[in-house]
Protein chains: 2
Amino acid sequence: MSRKNTQVLLAARPTGWVTEECFRVVEVDAPAPDDGEVLVENRWLSLDPYMRGRMNDAKSYAAKVELGAPMVGSTVGVVLESRAPASSGLAPGDWVVGAFGWQSLGVARPTALRKVDVARVPPQAYLGVVGMPGVTAFVGLYDLAEPKEGETVVVSAASGAVGSVVGQLAKLRGARAVGIAGGREKCDWAVRELGFDACVDHRAPDFEAQLAAATPGGIDVDFENVGGPVMDAIFKRLNPFARVSLCGLVSQYNATAPYGVTNFHQLLVNRVQLQGFIVSDHLDRWPEALATLGRLVGEGKLKWRESIAEGLAAAPRAFIGMLRGENLGKQLVRIGA
Amino acid sequence: MSRKNTQVLLAARPTGWVTEECFRVVEVDAPAPDDGEVLVENRWLSLDPYMRGRMNDAKSYAAKVELGAPMVGSTVGVVLESRAPASSGLAPGDWVVGAFGWQSLGVARPTALRKVDVARVPPQAYLGVVGMPGVTAFVGLYDLAEPKEGETVVVSAASGAVGSVVGQLAKLRGARAVGIAGGREKCDWAVRELGFDACVDHRAPDFEAQLAAATPGGIDVDFENVGGPVMDAIFKRLNPFARVSLCGLVSQYNATAPYGVTNFHQLLVNRVQLQGFIVSDHLDRWPEALATLGRLVGEGKLKWRESIAEGLAAAPRAFIGMLRGENLGKQLVRIGA
């Protein structure tokens, strides 16, 4: 059997907006597991905004992707072959979450993988609501911002994989959840399906007035995913002792000149606590977060939606679309079996 | 005896830069203490940047000064007359710190005053190193930023009442203290007299290169007093897990259009904790801070300098000069006896 591995490589570093020319799809020979390793067939790839930073030749949280190397990313798939000991707990047929990147096959030691139970939730949910985005929402909201009952939590990119969980977790704490998203469809989904108290379309000409109407008592927590003028509008409405969980600045990832934040002084005037964070710094919190999120999903208290691109060749376009806000909910790539 | 009270009133709200026309000096009849109150003759007035915010007709930390009312401010003076019970611990001749504002006389209940020992340190030091500015440095640095041995602490407005204490407290913790100030004289004082490891003149054409040279290991703590382009230069050099104690933004207080902070994304990339604060929110920390600062002064481990304006009529000009950075060390007004 000469199995092939489909990979999406970083072909060129973007200047400003990513284009499809930054990627190259190739077929290579399947990797073979060494002693102690397993071979995994990836079924789903997660597309996440942080990947944009890895494409740059610059200091960021984590190592950049090298030119000609596969793009990084989380995957969920099935163990095809195991050369790991039985004590590893992994056997062919098991579902595992891994960090195999944008490719259809991968080899890894079992310690680098997380076995998941797909009877409980669909496998791809381990890349979303019960995965990194869900844990990001949990840590950023509950651990860092600590919303109290009756407080107002605002989250930008509210219909995204992280934002949609943030709003629902805020509601579970008894807070008022106000989303910000691009377009009526996303906002309607956040309010009608997810239970947000309000969701404001940042493309509306009267966005700031709508945000004010949706936050009559000001803003106590900003779970910030977007940055730019949307964040400046939020800053203007921060209450004394507000908390900002700074999770992402997706409006800036493709900008050639950075936006100048004009309402920074609100952080002083209102004695705001702002915490930049990346969920991988909080590994000690993953077990509790995943357990809580899994329970909430099982109880029907957390809802989600998926935007699915078919096949790795469609990943670049889907990734660019996600950065433009064209997805609704978690952006996934279904990798052909 | 018809004693007169000299007051400096807010005569007009500034638009952009404060001018002397914003103030009016008047003489009024001395106030008379009611039962339970004392009459205090203020000998020193503290001038502080926060006062600029109180002149605006806008939401800030605290109530604005009303037009026609005396400017707010801390004072140190002598009790002239007491109608308070002996149990208050105050008697004529005692020195007290109060919040009498820009005036030569004031009445207050003893609970609003802090009796100070002028045998130990000169009275005006209770408005500086052993007063609100010193406590601001203590709380913002030790409590909020928690510098560790070997870390690099940067403080802007390094020769000011707060900044000069921040650098010395940083050194006492074994950190590297790097100041930023306007002009060679201030920088030389910070290094030669206060023991800063380096101090960079933000007016130098190669300011950013000098800051980089002074912080070869990056910046772990930013005690931020200034904002604007100086802060943006600091943000560029923040290390992962850096802390920003956001104490002031003096470069912005007289700006008609706010500066846009372009390196805000560094707070995300480096998972920075930023805390806006005002020292009056931390009243529980004052006793320990004042005790520590007093001890350090007694041991000769904290040095300071004063810029003194003579008489309340000179206060407006001195205040404007301070906002322009013309003072060196604590800006005081000596009130004629």
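Residues numbered from 1 in each chain as written. Chains lettered and ligands numbered in written order. Predicted model: local features only at pLDDT ≥ 70, side-chain atom pairs only at ≥ 80, totals over all residues. Heavy atoms only, no water.

Brief notes about the pairing of strand β14 (residues 306–310) of chain B
Residue and element names in this part refer to chain B.
Phase 1 of the analysis: The side-chain alternation of β14 yields one buried face, formed by Ser307 and Ala309, and one unburied face, formed by Glu306, Ile308 and Glu310.
Phase 2 of the analysis: Bridge count for β14 against strand β15 (residues 330–334) is five bridges, and the pairing is parallel. Across the sheet, Ser307 pairs through a bridge with Gln331, a residue of β15.
Phase 3 of the analysis: Crossover handedness for the path β14 to helix α9 (residues 315–323) to β15: right-handed. (Buried < 20%, exposed > 50% of the residue type's maximum accessible area, 1.4 Å probe, protein only. Helix = DSSP H or I, 4+ residues; strand = E, 2+ residues; numbered from the N terminus. Pairing = 2+ DSSP bridges. Right-handed = clockwise from strand over helix to strand, strands pointing away.)

Focus on the packing of aromatic side chains
Each aromatic ring pair is summarised here by two numbers: the centre-to-centre distance and the angle between the ring planes.
Phase 1 of the analysis: Summed over the entire model, instances satisfying the criterion amount to 12 aromatic pairs over all chains.
Phase 2 of the analysis: A network of ring pairs unites the aromatic residues Phe23, Trp102 and Phe319 of chain A as a single cluster.
Phase 3 of the analysis: Across from the ring centre of Tyr142 of chain B, 3.6 Å away, lies the NZ or CZ of Arg173 of chain B, which sits over that ring.
Phase 4 of the analysis: In this structure, Arg324 of chain B is placed above the aromatic ring of Trp17 of chain B, and the distance from its NZ or CZ to the ring centre is 4.0 Å. (Phe/Tyr/Trp six-rings, centres within 6.5 Å; stacked < 30°, edge-to-face > 60°. Lys NZ or Arg CZ within 6 Å of the ring centre and 35° of its normal.)

Quick notes on unusual backbone geometry
Phase 1 of the analysis: The phi torsion at Glu146 of chain A lies on the positive side, around 45°, for a residue other than glycine.
Phase 2 of the analysis: Summarising the element assignment, Glu146 of chain A is placed in the loop between α2 (132–145) and β8 (152–156).

Overview of the environment of Gly298 of chain B
Phase 1 of the analysis: Within the secondary structure, Gly298 of chain B is located in helix α8 (residues 286–298).
Phase 2 of the analysis: As a C-alpha pair, Gly298 of chain B and Arg120 of chain B span 178 residues in sequence and 7.3 Å in three-dimensional space.

With respect to the interface of chain B and chain A
Phase 1 of the analysis: Counting from both sides, the interface comprises 32 residues of chain B and, opposite them, 32 residues of chain A.
Phase 2 of the analysis: A combined buried area of about 2600 Å² lies between chain B and chain A, and 66% of that area is made up of carbon and sulfur atoms.
Phase 3 of the analysis: Together, Phe264, Leu268 and Arg271 of chain B form the three largest contributors to the area buried by chain B at its contact with chain A, with a combined 28%.
Phase 4 of the analysis: Inspection of the region where chain B meets chain A yields two salt bridges.
Phase 5 of the analysis: Across the salt bridge formed by Asp281 of chain B and Arg271 of chain A, the nearest N and O atoms sit 2.6 Å from each other. (Contact = heavy atoms within 4.5 Å. Buried area = accessible area lost by both parts, 1.4 Å probe. Salt bridge = Lys/Arg side-chain N within 4 Å of Asp/Glu carboxyl O.)

Observations concerning the environment of Met231 of chain B
Phase 1 of the analysis: Topologically, Met231 of chain B is positioned in helix α6 (residues 228–236).
Phase 2 of the analysis: For the pair formed by Met231 of chain B and Ser156 of chain B, sequence separation is 75 residues and the distance between their alpha carbons is 8.2 Å.
Phase 3 of the analysis: Contact partners of Met231 of chain B, with chain neighbours within four places excluded, come to Phe264 of chain A together with Asp222, Glu224, Leu249 and Val261 of chain B.

Brief notes about the pattern of salt bridges
Phase 1 of the analysis: Under the definition given, this model contains 38 salt bridges over all chains.
Phase 2 of the analysis: Of the charged contacts, one joins Glu41 of chain B and Arg43 of chain B as a salt bridge, the two residues approaching to 3.0 Å between their closest N and O atoms.
Phase 3 of the analysis: Of the residues examined, Glu41 of chain B reaches a relative accessible area of 16% and is grouped as buried.
Phase 4 of the analysis: Here Arg43 of chain B falls in the partly exposed class, since its relative accessible area comes to 25%.
Phase 5 of the analysis: Because the salt bridges share partners, they merge into one network encompassing Asp143, Arg285 and Glu288 of chain A.

Description of the packing of α2 of chain A against helix α3 (residues 163–172) of chain A
Residues and elements named next belong to chain A.
Phase 1 of the analysis: Taken N-terminus to C-terminus, the directions of α2 and α3 make an angle of 45°; their axes are 9 Å apart at the nearest point. In terms of axis orientation, α2 runs oblique to α3. Seen along the crossing, α2 lies across α3 with a hand that is right-handed. Judged by residue contacts, Gly134, Ala137, Phe138, Leu141 and Tyr142 of α2 engage Val165, Val166, Leu169, Ala170 and Leu172 from α3. (Axes fitted to C-alpha atoms, helices over the stretch in contact; angles between N-to-C directions. Parallel < 35°, antiparallel > 145°, perpendicular 65-115°, else oblique. Left-handed = near helix turned anticlockwise from the far one by under 90°.)

As for the relation of the copies chain B and chain A
Phase 1 of the analysis: Rotating chain B by 180° and moving it 0.0 Å along the rotation axis overlays it on chain A with an RMSD of 0.0 Å. Interpreted geometrically, this transformation is the action of a two-fold axis. When C-alpha distances to the rotation axis are compared across chain B, the minimum falls at Gly260 of chain B, with a value of 1.8 Å.
Phase 2 of the analysis: Taken together, the interface assignments show that 100% of the residues at the interface of chain B recur at the interface of chain A, consistent with an identical surface on both copies. (Least-squares fit on C-alpha atoms with pLDDT ≥ 70 in both.)

Notes on helix α4 (residues 184–192) of chain B
Residues and elements named next belong to chain B.
Phase 1 of the analysis: Those residues of α4 not exposed but buried are Lys186, Cys187, Trp189 and Ala190. All buried residues of α4 fall inside an arc of 160° around its axis, so they share one side. For α4, the exposed residues set more than 90 degrees away from the buried face come down to Glu185 and Arg192.
Phase 2 of the analysis: The elements touched by buried residues of α4 are α3 (163–172), β9 (176–181) and β10 (198–201). (Arc of directions from axis to C-beta.)

Brief notes about the side chain of Asp222 of chain B
Residue and element names in this part refer to chain B.
Phase 1 of the analysis: With respect to the helices and strands, the residue Asp222 is situated in strand β11 (residues 219–224).
Phase 2 of the analysis: Arg243 provides the closest opposite charge to the buried, unpaired Asp222, separated from it by 12 Å.
Phase 3 of the analysis: Setting aside residues up to four positions removed in sequence, Asp222 forms contacts with Val154, Met231, Ile234, Phe235, Leu238, Arg243, Val244 and Ser245. (Lys, Arg positive; Asp, Glu negative; His and termini not counted.)

Details of the domain arrangement of chain A
Residues and elements named next belong to chain A.
Phase 1 of the analysis: For chain A, the domain assignment lists domain 1 (4–128 + 305–334) and domain 2 (132–280).
Phase 2 of the analysis: Using C-alpha coordinates to define each centre, domain 1 is positioned 28 Å away from domain 2.
Phase 3 of the analysis: At the junction of the two partners, domain 1 supplies 20 residues and domain 2 supplies 16 residues.
Phase 4 of the analysis: Counting across the interface, domain 1 meets domain 2 through one salt bridge.
Phase 5 of the analysis: Across the pair Arg305 and Glu185 runs a salt bridge whose closest N-O atoms are separated by 3.7 Å.
Phase 6 of the analysis: Inspection of the region where domain 1 meets domain 2 yields six residue pairs in polar contact (both at pLDDT 80 or more).
Phase 7 of the analysis: In terms of residue class, the side of domain 1 that touches domain 2 is made up of nine nonpolar, five polar and six charged. (Domains from an automatic or database assignment. Polar contact = N/O pair within 3.5 Å; in protein donor to acceptor, adjacent residues only side chain to side chain. Nonpolar A, V, L, I, M, F, W, Y, C, P; charged D, E, K, R; others polar.)

Re the side chain of Ser46 of chain A
All names here are of chain A.
Phase 1 of the analysis: Residue placement: Ser46 occurs in strand β3 (residues 38–46).
Phase 2 of the analysis: Among the polar contacts listed, one links the side chain of Ser46 to the side chain of Lys330, at a separation of 2.5 Å.
Phase 3 of the analysis: Residues in contact with Ser46, not counting those within four places in the same chain, are Met51, Ser74, Leu127, Lys330, Gln331 and Leu332.

Notes on the packing of helix α5 (residues 207–214) of chain B against α6 of chain B
Residue and element names in this part refer to chain B.
Phase 1 of the analysis: At their nearest, the axes of α5 and α6 sit 10 Å apart, and the two run at 40° to each other. Compared by their axis directions, α5 and α6 come out oblique. Handedness of the crossing formed by α5 with α6: right-handed. Contacts between α5 and α6 involve Phe207, Glu208 and Leu211 from the former and Val230, Ala233, Ile234 and Lys236 from the latter.

Concerning α6 of chain B
Phase 1 of the analysis: Of all nine residues that make up α6 of chain B, seven are buried, and the element is covered over most of its length.
Phase 2 of the analysis: Those residues of α6 of chain B lying buried are Gly228, Val230, Met231, Asp232, Ala233, Ile234 and Phe235 of chain B.

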